[in-house]
Amino acid sequence: MVSEIVEVSGHIIDSLILPKILDEIIDLDGNFEILEIAIGKRKTDPSTTRLRVSATSEQKLQVILKRLARLGATPLTLREVELVRTRQDGVFPSQFYSTTNLPTFVRYQERWRPVQNIEMDCGIVIDPHTSRASCVPMVHVKKGDHVVCGTAGVRVTPLERSRNKDVFQFMGSAVSSEKPKALLIEGVAKAMGSTRRAGQKILVVGGPAIVHTGGGPYLERLIEAKYVDVLFGGNGLATHDIESALYGTSLGTSLDRKAAARDAHEHHMRAINTIRACGGIRQAVRQGVLTKGIMHACVRHRIPFVLAGSIRDDGPLPDVITDVMTAQDEMRHHLKGVGLALMIASTLHAIATGNLLRATVKTICVDINPAVVTKLADRGTFQGIGIVSDAASFLRELCHDLKLPRR
Amino acid sequence: MISNYPDGKPAMPLPSLALLMCRPSHYTVAYEINPWMKVTRQVHQPVAARQWQALYDLLTRSLRVPVRLLRPVKGLPDLVFTANAGLLVGKAFIRTNFRHPERQGEEVIFERYFRRRGYRVVTLPRQFNFEGEGDALWVGDTLFLGFRFRTDATVHEHLSKILHRRILPLELVDKRFYHLDTCFCPLDATSVLWYPGAFDRYGWKAIETHVPDPVPVSTADALRFCCNALVIDRAVILHGGVSKPLRKELERRGFDLYELDLSEFLKAGGSAKCLVLRMTR
């Protein structure tokens, strides 16, 4: 059975258009279900009804829909979008269509138009001159913009499951620590290889636990081998990476001697202070102050990074963007062309990035805490796979699968 | 809200009635967009001019109705059928969106004419085809709207939002009666002339339910375009050759018949009503 929802409104009761529509559906061997009917109270009030029309084959359904269209009943998706102009900067009209991260099309002037830069929880603005539809975050909408309202004329394409047997067949399955990790990580390695071959970018979103657990050198190796095209993180990741580069400790704990170093609790503050004195991470590398670590590798290999600030930051480093809206825009800018996102040991940055990603981006979330992976999926980034693992172990295994040489 | 009747009461015709016509200087059958039009069956220009003049004289001299004239435009032969310009409601003009590209050139001419005379011009979104008074006729305060061949059913909801009136869409099922005004003619607030063959059973039922006194006409009368009659108060102007039973029906209701020869305009699928647009003075 195939079906489509159609809507018809106007003076459809008095003119017998509604009974006619229902009779026509039956005559053409179809079936209907009245989902909603609102009858006008006075004779000048229009009535509206919404029907689910079904038929045994797509062909039959199309014949019925063609006939119904002539009677004024159009499938909801074939309606033109309703546009309302905004009255205020940064405020959508009250009935605005709130986007998902799935590929979306809008029907405007009888044609389906793809929505550019789709991301979840935004609005859709159509430029009447160029007929281009684009996804616009609430803060960027301008007074007078034509914003799509209601759901009529909006088509969202669900993601097709990959036909190839790859790791993303696990998509949508519950996160569990019981999964065969080695197989999953091997799948991630393959996906990274194919993303790179397809000319798409790989994004890594990292938390400071990468450094705490001793995973820093592995991430460096990924960067050097060109498996990372852009890095997102916060003040923490960069600070502890620099701390370990300058003092060999991470949050005061020696990374190679398994013990808390003496007076090392202040190392991270001294590290921040040193970088601030240099003017920034890039300057510190240029001046020869910072000679190793993840941030050093990014600067040396010209990998762009976005460090977004948060309220608990120490310092922060001069490279940290403390205005969250500016940071979001900077992240958006770097997301163009990203085909795979690897989120390691970061709750806030992973969710923030997940909100900006299209559903077509393969997303891998690695965390020791299964709740983080679930949280990401619950907030709408359902295209990802979750791996419950310690950051360093994951990165070590990944480097091994990617056959990256030890330095 | 646009109301045809400022005092809320239906009145037909309006005391301030005026008509819009266009001389057939460039009238010809240049294309075929309905079953009546055949480019091989051409219009005889001088005869057409004479027939049009007879209608004009009848309206202005005998019936003393003011008639405004639209300047004919070369290359727009159907401009003579001014009923398709749009729908006038008070001082608002709801402009036609012609289905056929051959006639779309007329839209701007009509729009300019009414804009210059201080009317508020309402244009419908391009995706709605709507052919004005050709497909939209008032019976009392209900607007009957013919759809399928020229006008789209979907437009009725849009119009009802503008007019705040009951609008009853009727599907036309015979290609020869491609506009509502070729098969449905309101005589006054309660009676209409109609040709049942142009509608399906849903249309019959809707008409019979909502029109107190529907007067059916025979196929022969319908094919002579008697439903394309122009009604001015108690005067009914139509193409000659009306059958005896129909004449009787009309006279019994107190209407005076004026029969004219409009054969040249039948060649393009139009008659008396198509040549005239109702407007307010």
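Small disclaimer: the values here were computed from a predicted structure and weren't measured.

### Focus on the overall build of chain A
Here's step 1: Counting its regular elements, chain A contains 13 helices and 20 strands.
Here's step 2: Each of the 407 residues in chain A was classed as buried or not, and the buried ones make up 43%.
Here's step 3: Across chain A, every contact between residues at least 6 apart in sequence was considered, and the portion connecting residues at least 24 apart equals 64%.

### So, the overall build of chain B
Here's step 1: Helix and strand counts for chain B come out as seven helices and 15 strands.
Here's step 2: Here chain B holds 281 residues, and 47% of them are scored as buried.
Here's step 3: Looking at chain B alone, contacts between residues at least 24 apart form 66% of all its contacts between residues at least 6 apart.

### Here we look at the nonpolar core
Here's step 1: Counting residues in hydrophobic clusters, the biggest one holds 101 residues, and the most contacted among them are C227, A229 and L275 of chain B.
Here's step 2: Every residue in contact with A229 of chain B, bar those within four places of it in the chain, is listed here: C185, L193, V236, I237, L238, A272 and K273 of chain B.
Here's step 3: By size, the runner-up hydrophobic cluster in this structure holds 74 residues, among which are I202, F232, F305 and A350 of chain A.

### A closer look at helix α1 (residues 17-27) of chain A
Here's step 1: Buried within α1 of chain A we find I17, L18, K20, I21 and I25 of chain A. In an axial view of α1 of chain A, the angular spread of the buried residues amounts to 160 degrees, which keeps them on one side of the axis. Residues I26 and D27 of chain A are exposed on α1 of chain A and point more than 90 degrees away from its buried face.
Here's step 2: Residues of α1 of chain A that are buried in the fold lie against β1 (2-10), β2 (31-38), β3 (47-55) and α2 (58-70) of chain A together with β8 (166-171) and α4 (201-210) of chain B.
Here's step 3: Just downstream of α1 of chain A lies D29 of chain A, where phi reads positive at about 70 degrees.

### Comments concerning the confidence of the model for chain B
Caution applies to low-pLDDT regions: their predicted coordinates should not be interpreted in detail.
All names here are of chain B.
Here's step 1: Mean pLDDT for chain B: 90, with 94% of residues reaching 70 or above.
Here's step 2: Counting contacts from residues 1-14, a segment whose pLDDT is below 50, to residues more than four positions away or on other chains yields 21 contacts.
Here's step 3: The ipTM value of the predicted complex is 0.84, and its pTM value is 0.60.

### Quick word on the environment of W36 of chain B
Residues and elements named next belong to chain B.
Here's step 1: Within the fold, W36 resides in the loop between β1 (17-22) and α1 (45-62).
Here's step 2: Take W36: there are 20 C-beta atoms within 10 Å of it, and that puts it in the buried class.
Here's step 3: Sequence-wise, W36 and G270 are 234 residues apart; in three dimensions their C-alpha atoms are separated by 8.9 Å.
Here's step 4: Residues in contact with W36, not counting those within four places in the same chain, are L266, K267, A268 and G269.

### Some words on the sheet that holds strand β15 (residues 277-280) of chain B
All names here are of chain B.
Here's step 1: One open sheet accounts for three strands, arranged β2-β1-β15; its pairing is mixed. In this open sheet, the two edge strands, each paired with only one partner strand, are β2 (67-70) and β15. Here the strands of the sheet are splayed against their neighbours by 35 degrees on average, with no regard to which way each runs.
Here's step 2: With four bridges joining them, β1 and β15 adopt antiparallel strand pairing. Paired with L19 across the strands is R278, a residue of β15.

### Digging into the packing of helix α11 (residues 348-356) of chain A against helix α12 (residues 370-378) of chain A
Residues and elements named next belong to chain A.
Here's step 1: For the pair α11 and α12, interaxial distance at closest approach is 10 Å and the crossing angle is 20 degrees. Looking at the two axes, α11 sits roughly parallel to α12. Crossing angle aside, the handedness with which α11 passes α12 is right-handed. Counting all contacts with α11, which are made through A350, I351 and G354, the residues of α12 involved are V372, K375 and L376.
Here's step 2: Per-class residue counts for the contact of α11 with α12 are four nonpolar, one polar and one charged.

### Looking at the confidence of the model for chain A
Here's step 1: Mean pLDDT over chain A stands at 87; residues scoring 70 or higher make up 92%.
Here's step 2: Between residues 169-174 of chain A, whose pLDDT stays under 50, and residues either more than four places distant or in other chains, the model counts five contacts.

### Quick notes on the sheet that holds strand β6 (residues 136-139) of chain B
Neighbouring strands of a sheet are bound in pairs by backbone hydrogen bonds; such pairs are parallel or else antiparallel.
All names here are of chain B.
Here's step 1: In space, the three strands of this open sheet follow the order β6-β7-β8, with mixed pairing throughout. Edge strands, defined here as strands with exactly one partner in the open sheet, are β6 and β8. When the angles between neighbouring strand axes are averaged without regard to direction, this sheet yields 30 degrees.
Here's step 2: Two elements, strand β7 (residues 142-147) and β8, share six bridges in a ladder whose sense is parallel. By the bridge assignment, L143 is partnered in β8 with I167.
Here's step 3: Contacting β7 and β8, helix α3 (residues 155-163) runs over the sheet at an angle of about 160 degrees to β8.
Here's step 4: Along the sheet, α4 makes contact with β7 and β8, crossing β8 at roughly 145 degrees.

### Remarks on the interface of chain A and chain B
Here's step 1: Taken together, the contact pairs 18 residues of chain A with 18 residues of chain B.
Here's step 2: Of all the secondary structure elements, the ones that give two or more residues to the side of chain A that touches chain B are β1 and α1 of chain A.
Here's step 3: The dominant element in the side of chain A that touches chain B, judged by the number of residues it contributes, is α1 of chain A, at three residues.
Here's step 4: Looking at the side of chain A that touches chain B, its residues break down into five nonpolar, seven polar and six charged.

### Points about the environment of D313 of chain A
Residues and elements named next belong to chain A.
Here's step 1: Following the sequence through the fold, D313 ends up in the loop between β16 (305-308) and β17 (320-321).
Here's step 2: Take D313: there are 17 C-beta atoms within 10 Å of it, and that puts it in the partly exposed class.
Here's step 3: For D313, the contacting residues outside a window of four places in its chain are N235 and V320.

### Looking at the pairing of strand β10 (residues 191-194) of chain B
All names here are of chain B.
Here's step 1: Both strand β9 (residues 184-186) and β10 contribute to a ladder of three bridges, which runs antiparallel. When the sheet's bridge partners are listed, P186 is paired in β10 with V192.
Here's step 2: Hairpin connection of β9 to β10: four residues between the antiparallel strands.
Here's step 3: Regarding the hand of the β-α-β motif, the stretch spanning β10, α4 and strand β11 (residues 213-216) is right-handed.

### Side note on the packing of helix α6 (residues 235-247) of chain A against helix α7 (residues 267-278) of chain A
Residue and element names in this part refer to chain A.
Here's step 1: The interhelical angle for the contact between α6 and α7, taken along N-to-C directions, is 95 degrees, at an axis separation of 9 Å. As summarised for this structure, α6 and α7 are arranged roughly perpendicular, according to the angle between their axes. Packed against α6, whose contacting residues are T239, H240, I242, E243, L246 and Y247, the element α7 presents H267, H268, A271, I272, T274 and I275 at the interface.
Here's step 2: Taken together, the residues of the contact of α6 with α7 sort by class into six nonpolar, five polar and one charged.

### What about the pairing of β3 of chain A?
All names here are of chain A.
Here's step 1: Sheet topology places β1 next to β3; nine bridges connect them, and they run antiparallel. Looking across to β3, one finds that I5 is bridged to R52.
Here's step 2: Bridging between β2 and β3 involves seven bridges; their strand directions are antiparallel. Each bridged residue has a counterpart across the sheet, and for I37 the counterpart in β3 is T49.

Each value, and the rule that gives it
- Residues numbered from 1 in each chain as written.
- Chains lettered and ligands numbered in written order.
- Predicted model: local features only at pLDDT ≥ 70, side-chain atom pairs only at ≥ 80, totals over all residues.
- Helix = DSSP H or I, 4+ residues; strand = E, 2+ residues; numbered from the N terminus.
- Buried ≥ 20, exposed ≤ 12 C-beta atoms within 10 Å, placed from the backbone.
- Contact = placed C-beta atoms within 7 Å.
- Core = buried A, V, L, I, M, F, W, Y, C linked by C-beta atoms within 7 Å.
- Arc of directions from axis to C-beta.
- pLDDT = per-residue confidence, 0-100.
- Pairing = 2+ DSSP bridges.
- Axes fitted to C-alpha atoms, helices over the stretch in contact; angles between N-to-C directions.
- Parallel < 35°, antiparallel > 145°, perpendicular 65-115°, else oblique.
- Left-handed = near helix turned anticlockwise from the far one by under 90°.
- Nonpolar A, V, L, I, M, F, W, Y, C, P; charged D, E, K, R; others polar.
- Right-handed = clockwise from strand over helix to strand, strands pointing away.

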